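Structural description and commentary
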Amino acid sequence: MNTPFGNMITTAEHAIAMMFAVARQIPEANTSTQAGKWEKSRFMGVELTNKTVGVIGAGNIGGVFCERARSLKMKVVAYDPYLDKNNDVWKETKNLELENLLTISDIISLHIPLNKETSNLIDEKKLRLIKDSSVIINTARGGIIDENALAQLLKEDKIGGAALDVFNEEPLKKEHAKKFKGIDNLILTPHIGGVTKESNERVSQMIAKKIDMHLSK
């Protein structure tokens, strides 16, 4: 059953968490410190305040992400050609074309479905528009970003960092993960963006209500 509102807060929060983790290099710093090292000068992160965050897809999840980002005093811009121009999101969010958003954003977060129009939307050509200090985050669907191109540009330091919760092949097997090996400031999580205790409970309640409505007909 389709329960689009059940995990929108959870997914948006995961994207926010990944944004912080990349900005402050938290996973790498944790690994280093647990190994008995004290590399304070190595982990010089960046603040998110006043940074420009580009949101690709400002619907249910993207809209929540925009709201959270604004509360962090970030400058929020978005690309969403399908969202009504009168939607409340646009009252506080600048509406840009995709190429412009990719060019100016310090953080880019994806919140769009995978379909014929979005498959490989962020290809190598578009990835090369991103500043070499910028970070891209995908908690939406695998297949939207060209993973091979992203991995190569990260290795070349053409992109500042990335955080992926979704992949072309899921589960992400060892042979598919090889492309990401040895890349600094890259965070990978196993498609857990929409999964928390609270979201599971909401989704379960929505499903139960839909079943009850169906049986009542």
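Positions within a chain are numbered from 1, following the residues in the order the chain's sequence is written. In keeping with the model being predicted, local features are shown solely for residues with a pLDDT of at least 70 and side-chain atom pairs are shown and tallied solely at 80 or more, while totals for entire chains, interfaces and linings include all residues. Only hydrogens and water are set aside when side-chain values are computed; all heavy atoms of the structure are taken into account.

All right, on to the pairing of strand 4 (residues 107–110) then. Residue exposure (1.4 Å probe, protein chains only): buried if accessible area is under 20% of the type maximum, exposed if over 50%, otherwise partly exposed. The helix count covers DSSP runs of H or I at least four residues long, the strand count covers runs of E at least two residues long, and both are numbered beginning at the N terminus. Burial of the side chains of strand 4 extends over both faces: Ile 107 and Ser 109 are buried on one face and Ile 108 and Leu 110 on the other. Across 4 bridges, strand 1 (residues 52–56) lies against strand 4 in parallel orientation. Across the sheet, Gly 54 pairs through a bridge with Ile 108, a residue of strand 4. One bridge is not enough; two strands pair if DSSP finds at least two bridges between them.

Right, let's talk about the sheet that holds strand 4 for a bit. Strand order in this open sheet of 7 strands is 3-2-1-4-5-6-7, and the pairing throughout is parallel. Unpaired on one side and paired on the other, strand 3 (94–95) and strand 7 (186–188) mark the two borders of the sheet. Pairing analysis gives 2 bridges linking strand 2 (residues 75–79) to strand 3, with the strands arranged parallel. Among the inter-strand pairings, Ala 78 is bridged to a residue of strand 3, identified as Asn 95. Only heavy atoms matter for contacts: two residues are in contact if any of them lie within 4.5 Å across the pair. Each axis is a line fitted through C-alpha atoms, taken for helices only over the stretch in contact, and angles between the N-to-C directions span 0 to 180 degrees. Helix 1 (residues 8–23) rests against strand 4, strand 5 (135–138), strand 6 (161–164) and strand 7 of the sheet, and its axis sits at about 150 degrees to strand 6.

In this section: the side chain of Lys 179. Relative to the elements of secondary structure, Lys 179 occurs in the loop between helix 8 (174–177) and strand 7. For Lys 179, the side chain forms a polar contact with the main-chain oxygen of His 176, separated by 2.8 Å. Filtering out sequence-adjacent residues up to four positions away, Lys 179 remains in contact with Glu 147, Asn 148, Ala 151 and Lys 155. The definition of a polar contact used here is a pair of N or O atoms within 3.5 Å, where within protein one atom must be able to donate a hydrogen and the other to accept one, and adjacent residues in sequence count solely through side-chain atom pairs.

Position of Val 22 among the secondary structure elements: in helix 1. Sequence-wise, Val 22 and Ile 187 are 165 residues apart; in three dimensions their C-alpha atoms are separated by 7.2 Å. Setting aside anything within four residues of it in sequence, one finds Val 22 in contact with Val 135, Gly 161, Ala 162, Ala 163, Asn 185 and Ile 187.

Looking at helix 7 (residues 147–155), one finds that the buried residues are Glu 147, Ala 149, Leu 150, Ala 151, Leu 153 and Leu 154. Packing partners of the buried residues in helix 7 comprise helix 6 (124–127), strand 5, strand 6 and strand 7. Capping the start of helix 7, Asp 146 holds a side-chain oxygen 3.2 Å from the backbone nitrogen of Asn 148, two or three residues further along. Asp 157 lies just past helix 7 and shows a positive phi near 60 degrees.

This brings us to the nonpolar core. Note that soluble globular proteins tend to have their nonpolar side chains buried in a common cluster. For the purposes of this section, nonpolar cores are sets of buried Ala, Val, Leu, Ile, Met, Phe, Trp, Tyr and Cys residues that join through side-chain atoms within 4.5 Å. The biggest cluster of nonpolar side chains holds 30 residues, and the ones touching the most others in it are Ile 56, Leu 110, Ile 122, Leu 127, Ile 136 and Leu 150. Elements supplying a minimum of two residues to this core: strand 2, helix 5 (98–104), strand 4, helix 7 and strand 6. For this core, the leading source of residues is helix 7, giving 5 residues. Ranked by size, the runner-up nonpolar core spans 28 residues in total, among them Ala 21, Val 64, Phe 65 and Ile 107.

Quick look at helix 1 now. To estimate how far a helix should reach, multiply one less than its number of residues by 1.5 Å. Given a rise of 1.5 Å per residue, 16 residues ought to cover 22 Å, and the 23 Å separating the end C-alpha atoms of helix 1 matches this to within 8%. Of all 16 residues in helix 1, 12 are buried, a share of seventy percent or more. All buried positions along helix 1 are accounted for by Met 8, Thr 10, Thr 11, Ala 12, His 14, Ala 15, Ile 16, Met 18, Met 19, Ala 21, Val 22 and Ala 23. Looking one or two residues beyond helix 1, the residue adopting positive phi is Gln 25, at roughly 55 degrees.

A word on a negative patch on the surface. The patches reported here contain residues having more than 30% relative accessible area and no salt bridge. Joining distances are 9 Å for like charges and 5 Å for nonpolar side chains (Val, Leu, Ile, Met, Phe, Trp, Tyr). Shrake-Rupley sampling with a 1.4 Å probe provides the accessible areas, and residues are treated as covered by the protein chains on show and by no other component. Salt bridge criterion: a side-chain nitrogen from Lys or Arg within 4 Å of a carboxyl oxygen from Asp or Glu. Charged-residue counts in this description rest on Lys and Arg as positive and Asp and Glu as negative, His and the chain ends being excluded. All charge positions are set by atom: Lys at NZ, Arg at CZ, Asp at CG, Glu at CD. There is a patch of like negative charges on the surface, built from Asp 132, Glu 156, Asp 157 and Asp 184. Mapped onto the secondary structure, Glu 156 falls in the loop between helix 7 and strand 6. When its relative accessible area of 35% is taken as the criterion, Glu 156 is described as partly exposed.

Two side chains bearing opposite charge may form a pair once their charged atoms approach each other closely. For the structure shown, the criterion picks out 8 salt bridges. When the shortest N-O distance is used, the salt bridge between Asp 88 and Lys 91 registers 3.1 Å. Both residues of the pair, Asp 88 and Lys 91, count as exposed. Put simply, Lys 179 and Glu 147 hold a salt bridge, and the shortest N to O gap is 3.4 Å. One end of the pair, Lys 179, is in the loop between helix 8 and strand 7; the other, Glu 147, is in helix 7, with 32 residues separating them in the sequence. You'll find Lys 179 and Glu 147 in the same group, each marked buried. Ionic contacts of the salt-bridge type, sharing partners, join the residues Glu 28, Glu 39 and Arg 42 into one network.

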